[in-house]
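# Structural features, examined
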Amino acid sequence: MKPTATASVAGSIPGRLAPAISGPQYFALAFGCIVGVAWIVVLGSLVARAGPGGTAIALSIGGVAVLLVALCYAEMAARRPAAGGELVYAFDLGGSGAAYATGWTLALIYTATCAFEAISIGQLVGLLFPALQGPELYRLLGHEVRLGGILIGLGCALGLWLLNVQGARGSAAAQQWTTYVRLGFMLIFLLVALAYADPANLDPPIPGATASAKFIAVLAVLGTAPFWYGGFNVVATATEEAATSMAVVGRALVFAILASGVFYIALVLAVSALVPPTQLAALELPAAQAFEIAMGTSVVAKLVLVTAILGNLTAWNALLMAGSRVYFALGRARLSPAALGRVNAGTGVPGVALALVSLISVLGLLLGKGFVLPLVNIASACFGVTYIVTCLALLKRRRDESDTVPAFRVPGGRPVILAALLAAIAITLVALVQPWLVSGGSIPVEWLTIAAWVVLSGVLWWNMRQAITAVPEAERAALLGGGRTPVPEWQGSCA
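One structure accompanies this document, and this report is about it.

Criteria and cut-off values
Residues numbered from 1 in each chain as written. Predicted model: local features only at pLDDT ≥ 70, side-chain atom pairs only at ≥ 80, totals over all residues. Heavy atoms only, no water. Helix = DSSP H or I, 4+ residues; strand = E, 2+ residues; numbered from the N terminus. Buried < 20%, exposed > 50% of the residue type's maximum accessible area, 1.4 Å probe, protein only. Contact = heavy atoms within 4.5 Å. Areas by Shrake-Rupley, 256 points an atom, 1.4 Å probe, with all protein chains shown as cover. Lys, Arg positive; Asp, Glu negative; His and termini not counted. Charge placed at Lys NZ, Arg CZ, Asp CG, Glu CD. Salt bridge = Lys/Arg side-chain N within 4 Å of Asp/Glu carboxyl O. 1 Å grid on protein atoms, 1.4 Å probe; cavity = no way out; pocket = protein on both sides within 12 Å on 5 of 7 lines; lining within 4 Å. Points joined across faces, edges and corners; volume = space filled by probe spheres on them.

## Topic: the overall build of the protein chain
For the protein chain, the helix and strand inventory stands at 19 helices and two strands. For the C-alpha atoms alone, the extent of the protein chain along its principal axes is close to 70 × 50 × 45 Å. Scored against the burial criterion, the 495 residues of the protein chain give a buried share of 58%. Residue pairs at least 24 apart in sequence account for 82% of intrachain contacts in the protein chain once pairs closer than 6 positions are excluded. For the protein chain, the accessible area works out to roughly 18100 Å², and carbon and sulfur atoms hold 71% of it. Distance from the positive charge centre (26 side chains) to the negative charge centre (19 side chains) of the protein chain: 6 Å.

Below, the structure written as structure tokens:
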């Protein structure tokens, strides 16, 4: 028999997050996080590696693979709507140890990506208003770190914290309307690109003298696909706050990935067609500067920069929300300091966890833009790991709850879930190996960063092991589910 949480366990739940997020707002969270700012910061290096054709192919393959995984997320979220997303799914697979490892993998993802957004906002605003860049303070990984960039990032971090600390309803509404404005701007500059495009600039579609060289070029971009589409899983961390049906949440997730894929491929081809490939590769921000070169005016280029700044803020807002929910879930389940699991009585948000992620964003500013691409690769590898966990958890849930019909089900059933699992494994392997292939045989900084994070989380586990093991698995299941989720079948002996 499945043991259920007792009344005393349910009564010990530190706090539940209140329903506040609608279906359109879930779409805005996912799309706003997927299509954040990476397309303007990293696009040039990707097209330089694989050309417009190779980049479009890689993003198409990656988009299909991630869409399969997202379908699994949508069904798993319908079965387990709780803050923390994948760490809750991991608990179903292997108990507290698996939940802890997955939770800190997610923490690394949101730490890295919030730092990425913090660094990028200063760079973008500095390009739009050069006088704000300020003096150079120091150099790191070959790039300068300027005072203006740090101050701009600090101001934005404070603003997003103030928005989110007031409650999820307000931050989700701001996300929704900002995303709609961005979609309008995106349509405008893509239409302009069609008018000024020269198809001759798309040649060669994939650089490389041999077939193997072309394959490696495409593989290099494919390895970053989890990062380009990775923002979709912020939805999983916030399903406890759904103010709509989980079927609507699942559809919002799927539509966000489809819309993101269409935008990425259209952007790559449109921008690459504006200027010759050798000139495009030399541009710092080709997604904006190519318009200025092709049109002889900076009007559209500035519009692209404004769109990118809005994208940075929507992605950062979604990541801040998701990261705070992960730390909150770890604290509520007693897998990290309990203070992280507190909910502010007046606003219903995890205030301590929110403050922690905001602080991490500020500290990330000190790394500078030389750390941008390693942060992309780190997040890509970690996203792949969480994809594997989610697919495996769904297979197990379907077996244990064969008579349950959730609000959203994966079309095609088990074969599609297995295909998603294989795609997740491939994504993870490519993301881990790709930095080594381009490092010339040396140990990539990505591997060193991941190793350091593993050591850090291991030390924290060792220091907290007595407090962690003191909580029975049945109680931790109730804590992770906010007091409403039954304990998985395999935990019966622990009750």
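## Section: the pattern of salt bridges
Inspection of the entire model under this criterion finds eleven salt bridges. The partner of Glu 401 in a salt bridge is Arg 397, with the nearest N and O atoms 2.2 Å apart. Note on accessibility: Glu 401 and Arg 397 belong to one class, buried. Several salt bridges share partner residues, and in doing so they unite Glu 75, Arg 79, Arg 80, Asp 92, Arg 397, Arg 398 and Glu 401 into one network.

## Section: empty space enclosed by the protein
Taking a probe equal in size to a water molecule and rolling it over the atoms shows the remaining empty space. Counted by the stated rule, this structure contains three cavities of 30 Å³ or more. The calculated volume of the largest cavity comes to roughly 120 Å³. Around the largest cavity sit 16 residues that line it, and Cys 33, Ile 34, Thr 113, Glu 117 and Phe 227 are the ones nearest its centre. Here the element with the most residues in the lining of the largest cavity is helix α5 (residues 86–128); it accounts for three residues.

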